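Structural description and commentary
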Amino acid sequence: MKIVKTIEEVRAAVKAWRKEGLTVGLVPTMGYLHEGHASLIDASVKDNDRTVVSDFVNPMQFGPTEDLESYPRDLDRDAALAEAHGADLIFNPEPAEMYHEGFSSFVDMTVLTQELCGLSRPVHFRGVCTVVSKLFNIVTPDRAYFGKKDAQQLAVIRHMVDDLNMPLEIIGCPIIREEDGLAKSSRNTYLNADERKAALVLSQAIKLGSELVKNGETDAAKVTGAMKAHIEAEPLAKIDYVKLVDAATMQQIPVIDRPALCAIAVYIGKTRLIDNFFTEDVK
Ligand code: PAF
């Protein structure tokens, strides 16, 4: 496995693979890889002849008060994990390689990005859509892999690919959890011991909500109300949102009468964590 820093090196590797008629999968990441990322690499290695992992903490998707500086980074550890899972290339550019001086083009989206995380993170999805479009143009993959944990991100990227006729397939992969239920996230490393215990309210609320839906509850307010009550009982937790939305448009729905996403974002101390379930997965 090779680690490269420049767009030119990625293009040269992909060109050589294409000459041999090989297919290419892309796993876009911001590094600090965990088993959630490993499952995306596994899926790509299974589906494609070659797998590229991008490892880039994208400044454009962080707001001015967010954790860009403190976001965990460890390229050696990432490389060991990616290699063990069969990746062929890591693309680890510096910000200046991705955003040259005078950079002034953006990929933006309305509607889907104006709900859920888009409300509390106004610049986030413009940064995600822009960097992911760039990665698609650099790597030109046949398939790209994203986790369902970032469910809104997955919906936004699917929509972007459809709107802009991007010639690749987007694959969504299941949430990977710790043994006690906490969804794997690079941000879990911010939690101290008390916060780590308190963070379990997220997966507990997801379980509670998905059981209500499984047992036939269709009133969105009843589902989210029960989940909110559970989270609010934890003193270290502060709800950003607990919402039920149409799975395709990300707009809130009062009745679960179509494929829906139940998504939550909760601050545990200063750390903002997300979790979700798709109603279609629990019925
Ligand atoms: O999900 C992430 O880690 C990032 O948002 C992504 C897709 C790699 C874009 O920077």
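Look a little higher up for the structure.
Only a predicted model underlies this, so the values are computations on that prediction, with no experimental measurement involved.

In this structure, the second largest pocket occupies an estimated 240 Å³ of space. Across the lining of the second largest pocket, the residue classes tally to 10 nonpolar, two polar and six charged.

Moving on, we come to helix 3 (residues 75–84). All of the buried residues along helix 3 are Asp78, Ala79 and Ala82. Along the axis of helix 3, the buried residues cluster in a sector spanning 100°; they form a single face. The exposed set on the far side of helix 3, more than 90 degrees from its buried face, consists of Asp76 and Ala84. Where helix 3 is buried, its residues touch strand 1 (2–4), helix 2 (35–47), strand 3 (50–55) and strand 4 (89–91).

Further remarks concern the pairing of strand 9 (residues 271–278). Regular strands place their side chains on alternate faces of the sheet. Along strand 9, eight of the eight residues are buried, which leaves the element largely enclosed by surrounding structure. By the alternation rule, side chains of strand 9 split into Thr271, Leu273, Asp275 and Phe277 and Arg272, Ile274, Asn276 and Phe278, which are all buried. Here strand 8 (residues 260–268) pairs with strand 9 via eight bridges, running antiparallel. The residue bridging Ala263 from the neighbouring strand is Asn276, located in strand 9.

Attention now moves to the sheet that holds strand 8. Within the open sheet, the three strands sit side by side as 7-8-9. Their pairing is antiparallel. Strand pairing shows two members of the sheet lacking a second neighbour, strand 7 (237–246) and strand 9, which therefore form its edges. In this sheet, neighbouring strand axes are inclined to one another by 15° on average, regardless of whether the strands run parallel or antiparallel. Together, strand 7, strand 8 and strand 9 form the strand contacts of helix 9 (residues 200–214), whose direction differs from that of strand 9 by roughly 20°.

As a further point, take the nonpolar core. Counting residues in hydrophobic clusters, the biggest one holds 50 residues, and the most contacted among them are Phe91, Phe136 and Ile170. By residue number, the principal contributor to this core is helix 6 (residues 124–139), which donates nine residues. Not counting residues within four places of it along the chain, the set of residues in contact with Phe91 comprises Val4, Lys5, Thr6, Ile7, Val10, Val52, Val53, Ser54, Asp55, Met98, Leu135 and Ile138. Core analysis: the next-biggest nonpolar cluster, separate from the first, contains 27 residues, Ala199, Leu200, Leu202 and Val223 among them.

Our focus in this paragraph is the site of the ligand. The environment of the ligand is formed by Pro28, Thr29, Met30, Asn58, Gln61, Val128, Val131, Val132, Phe146, Asp150 and Gln153. Within the side chain of Gln61, one N or O atom sits 2.6 Å away from an oxygen atom of the ligand. Within the side chain of Gln153, a nitrogen or oxygen atom sits 2.7 Å from an oxygen atom of the ligand. In isolation the ligand exposes 290 Å². Once the protein is present, 89% of that is buried. Taken together, the elements giving at least two residues each to the shell around the ligand come down to strand 2 (24–29) and helix 6. If you tally residues by element for the shell around the ligand, the top one is helix 6, at three residues.

Considering all chains together, one arrives at one cavity of 30 Å³ or more under this definition. Size it by volume and the largest cavity reaches roughly 50 Å³. Looking at the largest cavity, the residues that line it are Lys149, Leu182, Ala183, Ser185, Asn188, Leu202, Leu273, Ile274 and Asp275. When residues in the lining of the largest cavity are grouped by element, the largest group, three residues, is from strand 9. Counted by class, the lining of the largest cavity contains five nonpolar, two polar and two charged residues.

Each value, and the rule that gives it
Residues numbered from 1 in each chain as written. Predicted model: local features only at pLDDT ≥ 70, side-chain atom pairs only at ≥ 80, totals over all residues. Heavy atoms only, no water. 1 Å grid on protein atoms, 1.4 Å probe; cavity = no way out; pocket = protein on both sides within 12 Å on 5 of 7 lines; lining within 4 Å. Points joined across faces, edges and corners; volume = space filled by probe spheres on them. Nonpolar A, V, L, I, M, F, W, Y, C, P; charged D, E, K, R; others polar. Buried < 20%, exposed > 50% of the residue type's maximum accessible area, 1.4 Å probe, protein only. Helix = DSSP H or I, 4+ residues; strand = E, 2+ residues; numbered from the N terminus. Arc of directions from axis to C-beta. Contact = heavy atoms within 4.5 Å. Pairing = 2+ DSSP bridges. Axes fitted to C-alpha atoms, helices over the stretch in contact; angles between N-to-C directions. Core = buried A, V, L, I, M, F, W, Y, C linked by side-chain atoms within 4.5 Å. Near = heavy atom within 4 Å. Polar contact = N/O pair within 3.5 Å; in protein donor to acceptor, adjacent residues only side chain to side chain. Areas by Shrake-Rupley, 256 points an atom, 1.4 Å probe, with all protein chains shown as cover.

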